[in-house]
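Close look at the chain arrangement
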Amino acid sequence: MTAYTVPSDACRRPIAIDGAGTIGRQIATAYAAGGSDVRLFDLSQSQREAAGDYVREHVGRFRTKLNPDGPRTGRATVCGSLDEAVDGAWMVVEAISEKLELKQATFALLDETADDDAILASNSSSIPTSQLVGSVRHRERVLNTHYFMLPDINAVELMSCGETDEGVITGLMEEIPHYGLAPFRVRRESDGFIFNRIWAAVKRECLMVVQEGVAAPEDVDEMWKIFTSPGIPPFRFMDQVGLDVVLDIEEHYASVRPGLPEGPRQLLKMLIDEGRLGVKSGRGFYGDPSVVRA
Ligand SMILES: NC(=O)c1ccc[n+]([C@@H]2O[C@H](COP(=O)([O-])OP(=O)(O)OC[C@H]3O[C@@H](n4cnc5c(N)ncnc54)[C@H](O)[C@@H]3O)[C@@H](O)[C@H]2O)c1
């Protein structure tokens, strides 16, 4: 079996983007801002041409915002065929419409047309690549790379298709920061990516307090600003509150709202059983919970 990783000559080869809509053109601009030549393909001629214009117009702004290591910007080429776009590319990022059958057919095609050593990445928001590789021969080079609204949100979540070569994931974890992007590894297959799941829970509860008449949308927004402005992230925050107290609160919610999953309370109980209560016991989720970095 071929071992896959980031090809050693990646810095001299282009990155291909298949699907040049809202996010595809942003991904292309981020890589061009970091010095890679990018090739843009989209089934729609108007979309691919608009994407080329977008990259050229915004590459300077992306460069300022992402502060990549590379000393120059790359060139954006609009391609009239997928074959032309992927030829020579070391990585192909699929950012076509969120339709399972379309993406499955696209990965079968990319496996045939892309260079043998190219990494094949899907930017799907909700479909794990394990569902896209049915007709792919070299699944070891396929993974999800999930980008957000660039350049403001520079996180990229990397998730294996279940058969992804470890070298591909570790290689991208090393390579992507050179472009000013912040990679995070999704440690097992998940329906929805890390931050999408967190955001789904936040959004759901925001909608509920408004729908129940508990708060007005403007109050939620104002309170959100107050609560997030100190920049204390959730696990640091729970360590400060005390994990025993957090568990009591969660138990109360569970008693008044049947059906809440037990996993979060089980995790808290496990830590509490080990004497890890957060700042008050010297250890919580963090080894030294008193050190708070915003
Ligand atoms: N918009 C976002 O903020 C965002 C964020 C993360 C992930 N995503 C994901 O990225 C993907 C693209 O989302 P988008 O918002 O850019 O959608 P979009 O509708 O703006 O763009 C999709 C593009 O794909 C093209 N396309 C469709 N079928 C194609 C094919 N077979 N070959 C080539 N091009 C094809 C369309 O012409 C269109 O230009 C989706 O999977 C979406 O879930 C989007």
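Residues numbered from 1 in each chain as written. Predicted model: local features only at pLDDT ≥ 70, side-chain atom pairs only at ≥ 80, totals over all residues.

1. So, the overall build of the protein chain
Assigned secondary structure in the protein chain consists of 10 helices and 8 strands. Residue pairs at least 24 apart in sequence account for 67% of intrachain contacts in the protein chain once pairs closer than 6 positions are excluded. (Helix = DSSP H or I, 4+ residues; strand = E, 2+ residues; numbered from the N terminus. Contact = placed C-beta atoms within 7 Å.)

2. Describing the domain arrangement of the protein chain
For the protein chain, the assigned domains are domain 1 (10-192) and domain 2 (198-281). Using C-alpha coordinates to define each centre, domain 1 is positioned 35 Å away from domain 2. (Domains from an automatic or database assignment.)

3. Regarding the nonpolar core
Ranked by internal contacts, the top residues of the largest apolar core, which has 57 residues, are I17, A28, L40 and V92. Once residues within four sequence positions are removed from consideration, L40 is found in contact with I17, A20, A28, R48, A51, G52, A76, V78, C79 and A85. In terms of nonpolar packing, the next biggest core, distinct from the first, is built from 6 residues, M238, L243, V246 and L277 among them. (Core = buried A, V, L, I, M, F, W, Y, C linked by C-beta atoms within 7 Å. Buried ≥ 20, exposed ≤ 12 C-beta atoms within 10 Å, placed from the backbone.)

4. A look at unusual backbone geometry
Cis rather than trans, the peptide bond between L150 and P151 has omega equal to 5°. By secondary structure assignment, the location of P151 is in the loop between strand 6 (142-147) and strand 7 (155-160). One non-glycine residue, N67, adopts positive backbone phi at about 50°. Tracing the chain through its elements places N67 in the loop between helix 2 (45-66) and strand 3 (76-78).

5. A word on the site of the ligand
What surrounds the ligand is a group of 23 residues, the closest being G19, G21, T22, Q47 and S125. Among the elements of the structure, helix 1 (22-33) and helix 4 (100-113) are those that each provide at least two residues to the shell around the ligand. Looking at the shell around the ligand, the element that brings in the most residues is helix 1, giving 3 residues. (Near = placed C-beta within 6 Å.)

6. Quick look at the packing of helix 9 (residues 243-256) against helix 10 (residues 263-273)
Helix 10 packs onto helix 9 with a crossing angle of 150° between their chain directions and a minimal axis gap of 10 Å. Here helix 10 runs roughly antiparallel to helix 9, going by the angle between their axes. At the point where helix 9 passes helix 10, the crossing takes the left-handed sense. Every residue of helix 10 that contacts helix 9 at L243, D244, V246, L247, E250, E251 and A254 is listed here: P264, R265, L268, K269, L271 and I272. A per-class count over the contact of helix 9 with helix 10 returns 8 nonpolar, no polar and 5 charged. (Axes fitted to C-alpha atoms, helices over the stretch in contact; angles between N-to-C directions. Parallel < 35°, antiparallel > 145°, perpendicular 65-115°, else oblique. Left-handed = near helix turned anticlockwise from the far one by under 90°. Nonpolar A, V, L, I, M, F, W, Y, C, P; charged D, E, K, R; others polar.)

7. Side note on the pairing of strand 7
On a regular strand, one side chain projects to one face of the sheet and the next to the other, so that they alternate. For strand 6 and strand 7, the ladder comprises 5 bridges, and the chain directions are antiparallel. Looking across to strand 7, one finds that L143 is bridged to S160. Strand direction decides the pairing type here: strand 7 and strand 8 (residues 182-185), joined by 4 bridges, are parallel. Across the sheet, L158 pairs through a bridge with R185, a residue of strand 8. Assessed by its sense of winding, the connection that carries the chain from strand 7 through helix 5 (residues 166-175) to strand 8 is right-handed. (Pairing = 2+ DSSP bridges. Right-handed = clockwise from strand over helix to strand, strands pointing away.)

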